[in-house]
Every structure is written in C-alpha cells, then in structure tokens.
Amino acid sequence: MARSPSTPAAPTTAAASNAPGAEALPATYEAAMSELEQLVARMEAGALPLEQLLVAYQRGAALLGFCRERLQAVEDQVKQLEGGQLKPWDAA
C-alpha cells in the first residue's frame, strides 16, 4: 500500500539512531547544545584518535540536526501565534 501524501516522513534523527555506536538524542535543546559545545571543544583540542574523531563528528551532526529541528518548531509556533508572520523582536 502506498504512503499517502499527508503521512509525515520519519524524522531525520531516527535514521541517525540506527548508526553503529549512535546514542539517543538529549531530551531538550539546552542539553543538546551543552553536549555539542563539549564535543566541539574536545574535537578542537586535537587529542581524539581518527576513529573517535569520525564518531564525534557524526554525533555532532546529529546534535546539530536536533537543535535545528527544535528551533524550527519554536519558530513555527511563534509564526502561528503572530498570525503567520515572524515579527522582529523589539530591543526595549
């Protein structure tokens, strides 16, 4: 049976969780950003062996995708609350 056009596609983060050694993504944006910052610091330190560097890069890409999805979801909610348009923040 063919998938109907209204059926949502599986999230991109689900595919990443099937990769060997992939960990579950954090529950919150803040936790993901914290882990991503720590990961970047370790990678920039240059102390990771090549194999671990690749795993760290893949984890970082998954965390970045998760953060982008969360930010997009919040932006979509704000647009809905603002009548379909994003309004600039007032610097008051």
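Not measured: the values here are computed from a predicted model.

**Student:** Outline the overall build of the protein chain, supporting the account with residue identities and numerical values.
**Tutor:** What the protein chain contains, in helices and strands, is three helices and zero strands. Put simply, the protein chain runs from its N terminus to its C terminus through helices and strands in the order α-α-α. In the protein chain, the share of contacts with a sequence separation of at least 24, taken over all contacts with a separation of at least 6, comes to 65%. Approximately 7,400 Å² of the protein chain is accessible, and the part contributed by carbon and sulfur atoms is 59%.

**Student:** Please provide a residue-by-residue account of the environment of Q38, values included.
**Tutor:** With respect to the element layout, Q38 can be found in helix α2 (residues 29-45). When the C-alpha positions of Q38 and G60 are compared, they lie 9.9 Å apart, and in sequence the two are 22 residues distant.

**Student:** Before we move on, could you go through helix α3 (residues 50-81) and cite the residues and values that matter?
**Tutor:** Note on helix geometry: an α-helix contains 3.6 residues per turn, so any two residues three or four positions apart are oriented the same way. For α3, built from 32 residues, the straight-helix expectation of 46 Å at 1.5 Å per residue is met to within 8% by its first-to-last C-alpha distance of 47 Å. Two residues or fewer after α3 comes G83, characterised by a positive phi angle close to 75°.

**Student:** Hey, could you go over the side chain of R59 for me, with residue numbers and the actual values?
**Tutor:** Note that R59 resides in helix α3. A relative accessible area of 11% places R59 in the buried class. Of note is the side chain of R59, whose polar atom sits 2.9 Å from the backbone oxygen of E23. For R59, the contacting residues outside a window of four places in its chain are E23, A24, L25, P26, E35 and L39.

**Student:** Kindly report on the confidence of the model for the protein chain, identifying the contributing residues and their values.
**Tutor:** Regions with low pLDDT should not have their predicted coordinates read in detail. Chain-level statistics for the protein chain give a pLDDT mean of 79 and a share of 72% at 70 or above. Here helix α1 (residues 12-17) is the element of the protein chain with the lowest mean pLDDT, 43, and α2 is the one with the highest, 96. Note on residues 1-17: pLDDT is under 50 here. Beyond four places in sequence and across chains, it has nine contacts.

Reading the values: the criteria
- For every chain, the first residue of its written sequence is number 1, and the numbers climb from 1 along that sequence.
- This being a predicted model, a pLDDT of at least 70 is required before a residue's local features are given, and a value of 80 or more before pairs of side-chain atoms are given or counted; all residues contribute to the totals for chains, interfaces and linings.
- Note: side-chain values were computed over all heavy atoms of the structure, leaving out hydrogens and water.
- A helix here means a DSSP run of H or I that spans at least four residues, while a strand means a run of E at least two residues long, and both kinds are numbered starting from the N terminus.
- Contact criterion: two residues are considered in contact whenever any of their non-hydrogen atoms come within 4.5 Å of each other.
- For every accessible area listed, the method is Shrake-Rupley and the probe measures 1.4 Å; residues are considered covered only by the protein chains on display.
- Residue count minus one, scaled by 1.5 Å, sets the expected span of a helix.
- Think of it in three bands: residues with accessible area under 20% of the maximum for their type are buried, residues over 50% are exposed, and the middle band is partly exposed, with areas taken using a 1.4 Å probe on protein chains only.
- Polar contact is defined as a pair of N or O atoms within 3.5 Å, subject to the rule that within protein one atom must be able to donate a hydrogen and the other to accept it, and that residues adjacent in sequence are counted only when both atoms are side-chain atoms.
- Each residue gets a pLDDT score, which is the predictor's confidence in that residue and runs from 0 to 100.

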